[in-house]
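Residue strings, one per chain:
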Amino acid sequence: MDKDFKMTATTLFGLEGVLAKELKDLGAQDVKEGIRSVSFRGDKGFMYKANIALRTAVRVLKPIKTCKIYDEEDLYEAIQKIKWENYLEVTGTFAIGAVVNSKNFTSNSHYISLKSKDAIADYFRHKYSKRPNVDLDYPDVKIHIHIHKEWLTVSLDSSGDSLHKRGYRTATNIAPINEVLAAGMVLLSGYTGDENFIDPMCGSGTILIEAAMIANNIPANINRKLFAFENWKDYDEELYFVIQDALLKKIRSSHFKIMGFDKAPSAVQKAQANIKNANLDEFIGVHHVNFFNSKKEVFGNTTILFNPPYGERLNIDTNEFYKKIGDTLKHNYPGSTAWLITSDTDALKSVGLRTSKRIALKNGDLNCKFVKYELYEGTRKFKKRNNEEEE
């Protein structure tokens, strides 16, 4: 049996709690939230499972050394002490990424990457008289250097390309939302596939696709071509397929409607292409509709979740635009819960509805609010009186 080891899954700001819950639900041990990261324990099979199934992880790192360092020479020596032949062939290729958050290191992360690269190259040169090459695009092994205060953590990146690159999105619009953020918003909304779902400004369809994968319990990265761990010396292909098959057996079918609207025909076409790539066209309908001229045409509870344009992206009168969002929701979508993300907190006041939840998130570099509106059937008083009459 493989032994358990510590791992770290990185994520986006505001999604740490969602990722921690995902990890616990998958069976991770010793789950601890950090800043834009969650640490946990599991075995090799769980590392494969985490990469295939996690919706809100950006990458899954396997630490191979942690120690205290105080300057660049300490860094060089610490990296030289790792038995690199256990992880990397002398004929192989590698790449290094670094994150530095320490007063002891005035040099930037690029310099720290170069210093670490020199240490690994010198290690192999001294021992084997030759060294592996750097390949920034398709390395056999991707190494992650993290310096926080005086602590160095050297990790192997088991994911490779960021896990937001699911493999389904080929067509995009001006400002497509990151897949990890889209999945995080759907999970924060509490949507599980047991009611209707609408994205009324769906763009290239990312939120719809992530919602459909959640509704049907489809692993987030099932369409992905390659994970970095497939190049590792200890890769167990048989174990990988056992884990993948076990996840595929847990797929279920949601029978509620998942619908997207967009007023731009080009966006509808892009969304349909991406949905087809994700093999989800039987679950999602996309329609050429202007949300402001629409009304709720599905019966029962409905989750509405969208990423409307911000002033940064499109040249619109945001206050007027957000007022129309509020009016449309209030008059045309009773019996729904609406969520939207925006960086324009001033325009948000124009919606004219009371928020029942506000969550701080980041969309790229933009500080955003993810807000919830509960849209009742009729007024609350009317609803309450009806309930009393039924009793």
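Residues numbered from 1 in each chain as written. Predicted model: local features only at pLDDT ≥ 70, side-chain atom pairs only at ≥ 80, totals over all residues. Heavy atoms only, no water.

As annotated in an unreviewed UniProt entry, the protein is Class I SAM-dependent RNA methyltransferase from Polaribacter batillariae.

Caption draft 1: Geometry of the sheet that holds strand S13 (residues 336-342). Read across the sheet, seven strands follow the order S11-S10-S9-S12-S13-S15-S14 without closing on themselves; strand pairing throughout is mixed. Every other strand in the sheet has two partners, leaving strand S11 (284-288) and strand S14 (357-363) as the edge strands with one partner each. Across this sheet, the average inter-strand angle for adjacent strands is 20°, counted without regard to direction. Both strand S12 (residues 302-306) and S13 contribute to a ladder of five bridges, which runs parallel. Considered in S13, the bridge of Phe306 is made with Leu340. Against the sheet, helix H6 (residues 206-215) touches strand S9 (196-199), strand S10 (258-262), S11 and S12, its axis set at about 180° to S10. Where helix H9 (residues 318-332) meets the sheet, it contacts S12, S13 and strand S15 (366-375), and its direction lies at approximately 165° from that of S13. (Pairing = 2+ DSSP bridges. Helix = DSSP H or I, 4+ residues; strand = E, 2+ residues; numbered from the N terminus. Axes fitted to C-alpha atoms, helices over the stretch in contact; angles between N-to-C directions. Contact = heavy atoms within 4.5 Å.)

Caption draft 2: View of the side chain of Thr11. Along the chain, Thr11 turns up in the loop between strand S1 (5-10) and helix H1 (16-26). Engagement of the side chain of Thr11 in a polar contact is seen with the backbone oxygen of Thr56, the distance being 2.6 Å. In contact with Thr11, not counting residues within four places along its chain, are Glu16, Leu19, Arg36, Ser37, Thr56, Val58 and Val180. (Polar contact = N/O pair within 3.5 Å; in protein donor to acceptor, adjacent residues only side chain to side chain.)

Caption draft 3: Main features of the layout of surface pockets. Roughly 920 Å³ of internal volume is contained in the largest pocket. Lining the largest pocket are 26 residues, with Thr8, Ser37, His146, His148 and Thr153 sitting closest to its centre. Of all the secondary structure elements, the ones that give two or more residues to the lining of the largest pocket are S1, strand S2 (29-33), strand S3 (37-42), strand S4 (59-68), strand S5 (93-101), strand S7 (141-148) and strand S8 (151-157). Per-element tally for the lining of the largest pocket: the top contributor is S4, with five residues. Class assignment for the residues of the lining of the largest pocket results in eight nonpolar, 13 polar and five charged. (1 Å grid on protein atoms, 1.4 Å probe; cavity = no way out; pocket = protein on both sides within 12 Å on 5 of 7 lines; lining within 4 Å. Points joined across faces, edges and corners; volume = space filled by probe spheres on them. Nonpolar A, V, L, I, M, F, W, Y, C, P; charged D, E, K, R; others polar.)

Caption draft 4: The arrangement of H1 in detail. Listing the buried residues of H1 in full gives Glu16, Val18, Leu19, Ala20, Glu22, Leu23 and Leu26. Buried residues in H1 make contact with S1, S2, S3, helix H2 (44-53) and helix H5 (179-188). In the segment just after H1, Gly27 is the residue with positive phi, at about 110°. (Buried < 20%, exposed > 50% of the residue type's maximum accessible area, 1.4 Å probe, protein only.)

Caption draft 5: Region of interest: the pairing of S10. The buried count for S10 comes to five of five residues, which makes it a mostly enclosed element. Of the two faces of S10, both are covered, the one formed by Ile258, Gly260 and Asp262 as well as the one formed by Met259 and Phe261. Both S9 and S10 contribute to a ladder of three bridges, which runs parallel. In the sheet register, Phe197 faces S10, and the bridge partner there is Ile258. Looking at chain direction, S10 and S11 are connected through five bridges and run parallel. Following the sheet pairing, Phe261 is matched in S11 by His287. For the crossover that starts at S10, traverses helix H8 (residues 265-277) and ends in the parallel S11, the hand is right-handed. (Right-handed = clockwise from strand over helix to strand, strands pointing away.)

Caption draft 6: Structural view of the pattern of salt bridges. This model, assessed by the stated rule, comprises 14 salt bridges. We note a salt bridge from Lys32 to Asp30, for which the minimum N-O separation is 2.8 Å. Lys127 serves as the salt-bridge partner of Glu85, at 2.9 Å between the closest nitrogen and oxygen. Taken together, the residues Glu85 in the loop between helix H3 (72-80) and S5 and Lys127 in helix H4 (residues 109-128) connect sequence positions 42 residues apart. Overall, the relative accessible area of 17% leaves Glu85 in the buried class. When its relative accessible area of 45% is taken as the criterion, Lys127 is described as partly exposed. (Salt bridge = Lys/Arg side-chain N within 4 Å of Asp/Glu carboxyl O.)

Caption draft 7: Focus on the confidence of the model for the protein. The predicted model of the protein averages 91 in pLDDT, with 93% of residues at 70 or higher. Low confidence marks residues 379-391, where pLDDT is under 50. Its contacts with residues over four positions away, or in another chain, come to two contacts. (pLDDT = per-residue confidence, 0-100.)

Caption draft 8: Inspection of the packing of aromatic side chains at higher detail. Counted by the stated rule, this structure contains 20 aromatic pairs. Arranged with centres 5.8 Å apart and planes meeting at 65°, the rings of Phe40 and Phe46 form a pair that is edge-to-face. The class for Phe40 is buried, based on a relative accessible area of 1%. Its relative accessible area of 8% is what places Phe46 among the buried residues. Following the ring pairs from residue to residue traces out a cluster consisting of Tyr48, Phe227, Phe229, Tyr235, Tyr240 and Phe241. The side chain of Lys62 reaches across the aromatic face of Phe5, ending 4.3 Å from its centre. (Phe/Tyr/Trp six-rings, centres within 6.5 Å; stacked < 30°, edge-to-face > 60°. Lys NZ or Arg CZ within 6 Å of the ring centre and 35° of its normal.)

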